[in-house]
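Chain by chain, the residues run as shown.
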Amino acid sequence: MKIEDYALIGDTHTAALVGINGSIDWLCLPRFDSASCFAALLGNEDHGCWRLAPVEPVTRVTRRYRKGTLVLETDFETASGAVRVVDCMPIRQQYPWIVRCAVGLRGQVPMRMKLIIRFDYGTILPWVRKTDHSLQAKAGPDAVILRSKAPTHGEGFSTVAEFDLKEGEEMPFGLHWFPSHEEPPPPNHVVEAINATTQWWQEWTESGTYQGEYREAVQTSGRVLKALTYAPTGGIVAAPTASLPESLGGSRNWDYRFCWLRDAAFTLDALLAAGYADEAESWRDWLLRAIAGDPAQLQTLYGTMGERRLPEFELSHLDGYENSRPVRIGNAASTQFQLDVYGEVIDALHRARWSEDVNEAKGADAWSLQTKLMEYLEKHWREDDSSIWEVRGYVRPFTYSKVMVWVAADRTVRDAEKFGLECDLERWKAFRDLVKGEVLERGFSKKQNAFTQSYGSDVLDASVLRLPLVGFIEATDPRMRSTIDAIERNLLKGGFVARYEDGTDYLSGVEGVFLPCSFWLAENLALCGRVNDARRLFQRLLPLANDLGLFAEEYDPQRKRLLGNFPQAFTHVSLINAAVTLAEVSKQAAV
């Protein structure tokens, strides 16, 4: 199946991908970054999946989320009639639970449920024990229990149920995970759980306050961010998946089930703009805990609990999505030096401090940490790094990285001035001016008449579209206008923005266009006065989502397919921020 053929369901601890064919092909339990029990997404059904669908050929499939929720409804039509499969993960009380309910809509449809449980990314075949109306599977620390009134039987190393479904009839299934050394959770009522989950998501969605343009897309993106939030800590994973390729059949396959610091300020902006202040505050608090300690030990990404050790390894037994190898688990980018993250962290602390919606009870701790980060930057800001794009194999003086050093100094100065916070203010002002002067001198290419990827380079890079968005330079400045023009001439593919010129990252294969960069371009166009162009680009971006409004990280304009891990928080964050910018610019123009 195509990446866009999947839907997301989740319980704010972990998430599953449900295919349009009724198969759950990816689920990690009990957390986002746990090993999977269903890994067919990166291999085949023998690596674990759970399918519930009609036996006979399906003539038509339609699906939707219940309004304001992540409760999925998939309708299958066959020659015999029609059925609906309702899928969701109830918001967790103790252990994860995934529920499915087949509902007869018309006629009488033969149905088949097939459950293949394989723990540890498809490598461990569990020991299975059947009891009345339940089936338990255990291996090592993991156990699951399937409960249903449908009779089940073994078929090979899978569990199968076959039944007919008439109009108005229901057949519920519930799959609970629990630690193998404990007793299983007590039975729960599936339909009641679905209704309660529906209500929970609808109430959460309505708690948002955004009333501007593209409200439905903003709310959908907000729900994605909520679903990718690890509720116990407030950390937000970049995506719930690992190793979905940026180039089909290629090796650009990374594990995104972790929390990136660079997403901090972008995400905080998006959550506050959409009106979800509690989530913004929890994200800020996660950030403070994760980065506490020596600034020299700051990482680019962390685990959902703030873990620092995220070793990268390969799973050779999995062929990868559409033969995209290797399948990587963990992420070696956690050990890279990326200068820009210091600026993004300080910008996030700054935005939280200035927001009326974020509790500043931890303000003193945040300021102490911020000044320590600044002291570190003052000593190390001239060092080369691996950039926002986490390039492997080389470091350079990347322009965007240096700009984010300026952001760190600028936000620190502004915070000190507004709130009377103690620091050597004149020193940070001088530092801010020093950094800006160097970027303007060394980060701008006269040949390209544009800001470029790194000092002294003529290579174009879409990361410089962030410069107006962080306040480094106005979008209307002639240097930025010519930069936007250069990016439009050289980095557009099929009308959308590539991260940088092909061949400049020394990785094999060619990736798709980068959707967050395309939303950044829309913001730049709006801010430099090309509002109609911005709106046209934004409205061409929206249909790149799948039928449920979900975006991956990248898009292949030739194949017209989504690429990369899915759904991708960074893309949905960029959508929200672009929508807000468009709404603000339009409002100002109307005054």
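Model, not experiment: these values are computed from the prediction.

Per the secondary structure count, the protein chain includes 14 helices and 28 strands. Its C-alpha atoms give the protein chain principal-axis dimensions of roughly 75 × 50 × 45 Å. Long-range pairs, those at least 24 residues apart, make up 66% of the contacts in the protein chain with a sequence separation of at least 6. About 22,000 Å² of surface is accessible on the protein chain, with carbon and sulfur atoms providing 48% of the total.

Let us now look at the pattern of salt bridges. Note on pairing: side chains with opposite charge can pair once their charged atoms come close. Under the counting rule described, the total for this entry stands at 42 salt bridges. A salt bridge links Arg 353 to Asp 415; its shortest N-O distance comes to 2.5 Å. One end of the pair, Arg 353, is in helix H6 (residues 340–354); the other, Asp 415, is in helix H8 (residues 399–419), and 62 residues separate them in sequence. On the basis of relative accessibility, which here comes to 7%, the residue Arg 353 falls in the buried class. A network of salt bridges, in which partner residues are shared, links Asp 269, Asp 347, Arg 351, Asp 410, Arg 411, Arg 414 and Arg 432.

The next point concerns the packing of aromatic side chains. Here the structure, examined in full by the defined rule, presents 25 aromatic pairs. Where Trp 520 meets Phe 570, the ring centres are 5.9 Å apart and the plane angle is 65°; that geometry is what we call edge-to-face. Separated by 50 residues along the polypeptide, Trp 520 in helix H12 (residues 515–527) and Phe 570 in helix H14 (residues 569–590) bring together distant segments of the chain. Taken as a pair, Trp 520 and Phe 570 share a single burial class, namely buried. Joined through ring pairs, the aromatic side chains of Phe 266, Trp 389, Tyr 500, Phe 514, Trp 520 and Phe 570 make up one cluster.

Moving on: helix H9 (residues 425–442). Given a rise of 1.5 Å per residue, 18 residues ought to cover 26 Å, and the 26 Å separating the end C-alpha atoms of H9 matches this to within 8%. Within H9, burial applies to Trp 428, Phe 431, Arg 432, Val 435, Glu 438 and Val 439. The buried residues of H9 occupy an angular sector of 135° when projected down its axis, which confines them to one face. Along H9, the residues that are exposed and aim more than 90 degrees away from the buried face are Glu 426, Asp 433 and Glu 441.

Below, the discussion takes up the sheet that holds strand S26 (residues 513–514). Strand order in the open sheet formed by three strands is S26-S27-S28, with antiparallel pairing between adjacent strands. Single-partner strands in this sheet number two, and they are S26 and strand S28 (561–563). Pairing of strand S27 (residues 554–556) with S28, which is carried by three bridges, proceeds in the antiparallel orientation. When the sheet's bridge partners are listed, Asp 556 is paired in S28 with Arg 561.

Another point: the environment of Arg 63. By the secondary structure assignment, Arg 63 is in strand S6 (residues 60–65). Between the alpha carbons of Arg 63 and Ser 80 there is a distance of 19 Å; along the sequence they are 17 residues apart. In terms of polar contacts, Arg 63 uses its side chain to reach the backbone carbonyl oxygen of Glu 4, at 3.1 Å. Polar side-chain contacts of Arg 63 include one of 2.9 Å to the backbone oxygen of Asp 5.

Moving on to the nonpolar core. Within the largest apolar cluster, 190 residues are counted, with the highest numbers of intra-cluster contacts made by Trp 50 and Ile 291. If you tally residues by element for this core, the top one is H14, at eleven residues. Among all residues touching Ile 291, those that are not within four sequence positions of it are Leu 261, Leu 298, Tyr 302, Arg 308, Val 345, Leu 369 and Leu 373. Of all hydrophobic cores here, the second largest spans ten residues; its members include Val 86, Cys 88, Ala 193 and Ile 194.

The next point concerns the environment of Ala 277. Locating Ala 277 in the fold gives a position in helix H5 (residues 277–291). Overall, Ala 277 belongs to the buried group, its relative accessible area being 18%. Each C-alpha atom, one on Ala 277 and one on Asp 357, is 5.7 Å from the other, the two residues being 80 residues apart in sequence. Apart from the residues within four sequence positions on either side, Ala 277 is in contact with Leu 272 and Asp 357.

This paragraph deals with the packing of helix H4 (residues 263–274) against H6. Where H4 contacts H6, the axes come no closer than 7 Å and their chain directions differ by 25°. If you check the angle between H4 and H6, you find them roughly parallel. From H4, Ala 264, Ala 265, Phe 266, Leu 268 and Asp 269 reach across to H6, where they touch Glu 344, Asp 347, Ala 348, Arg 351 and Ala 352. For the contact of H4 with H6, a count of residues per class yields six nonpolar, no polar and four charged.

Quick look at the side chain of Ser 34 now. Along the chain, Ser 34 falls in the loop between strand S3 (23–28) and strand S4 (36–38). Judged by relative accessible area, which is 13%, Ser 34 ranks as buried. Every residue in contact with Ser 34, bar those within four places of it in the chain, is listed here: Cys 28, Leu 29, Tyr 121 and Arg 257.

In this section: unusual backbone geometry. Following Leu 29, the chain continues into Pro 30 via a peptide bond in cis, with omega recorded as 5°. Positionally, Pro 30 belongs in the loop between S3 and S4. Cis geometry marks the peptide bond from Phe 566 to Pro 567, where omega comes out at -15°. Assignment of secondary structure puts Pro 567 in the loop between S28 and H14. Residue Thr 12 is not a glycine yet carries a positive backbone phi of 65°. Secondary-structure assignment places Thr 12 in the loop between strand S1 (6–10) and strand S2 (15–19).

The subject of this paragraph is the environment of Glu 314. With respect to the helices and strands, Glu 314 occurs in strand S20 (residues 313–314). Excluding its chain neighbours within four sequence positions, the residues that come into contact with Glu 314 are Pro 326, Val 327 and Arg 328.

When you tally the buried positions in strand S15 (residues 170–179), you get eight out of ten residues, the bulk of the element. Both strand S9 (residues 97–116) and S15 contribute to a ladder of seven bridges, which runs antiparallel. Paired with Ile 98 across the bridge in S15 is Leu 175.

Each α-helix turn comprises 3.6 residues. Residues three or four places apart therefore point the same way. The end-to-end C-alpha distance of H12, which contains 13 residues, comes to 19 Å, matching closely the 18 Å that a straight helix rising 1.5 Å per residue would cover. With respect to burial, H12 is a largely interior element, twelve of its 13 residues being buried. Of the positions making up H12, those classed as buried are Leu 515, Pro 516, Cys 517, Ser 518, Phe 519, Trp 520, Leu 521, Ala 522, Glu 523, Asn 524, Leu 525 and Ala 526. The first or second residue beyond H12 is Gly 529, which carries a positive phi of 100°.

Reading guide: rules and limits
Residues numbered from 1 in each chain as written. Predicted model: local features only at pLDDT ≥ 70, side-chain atom pairs only at ≥ 80, totals over all residues. Heavy atoms only, no water. Helix = DSSP H or I, 4+ residues; strand = E, 2+ residues; numbered from the N terminus. Contact = heavy atoms within 4.5 Å. Areas by Shrake-Rupley, 256 points an atom, 1.4 Å probe, with all protein chains shown as cover. Salt bridge = Lys/Arg side-chain N within 4 Å of Asp/Glu carboxyl O. Buried < 20%, exposed > 50% of the residue type's maximum accessible area, 1.4 Å probe, protein only. Phe/Tyr/Trp six-rings, centres within 6.5 Å; stacked < 30°, edge-to-face > 60°. Expected span 1.5 Å × (residues − 1). Arc of directions from axis to C-beta. Pairing = 2+ DSSP bridges. Polar contact = N/O pair within 3.5 Å; in protein donor to acceptor, adjacent residues only side chain to side chain. Core = buried A, V, L, I, M, F, W, Y, C linked by side-chain atoms within 4.5 Å. Axes fitted to C-alpha atoms, helices over the stretch in contact; angles between N-to-C directions. Parallel < 35°, antiparallel > 145°, perpendicular 65-115°, else oblique. Nonpolar A, V, L, I, M, F, W, Y, C, P; charged D, E, K, R; others polar.

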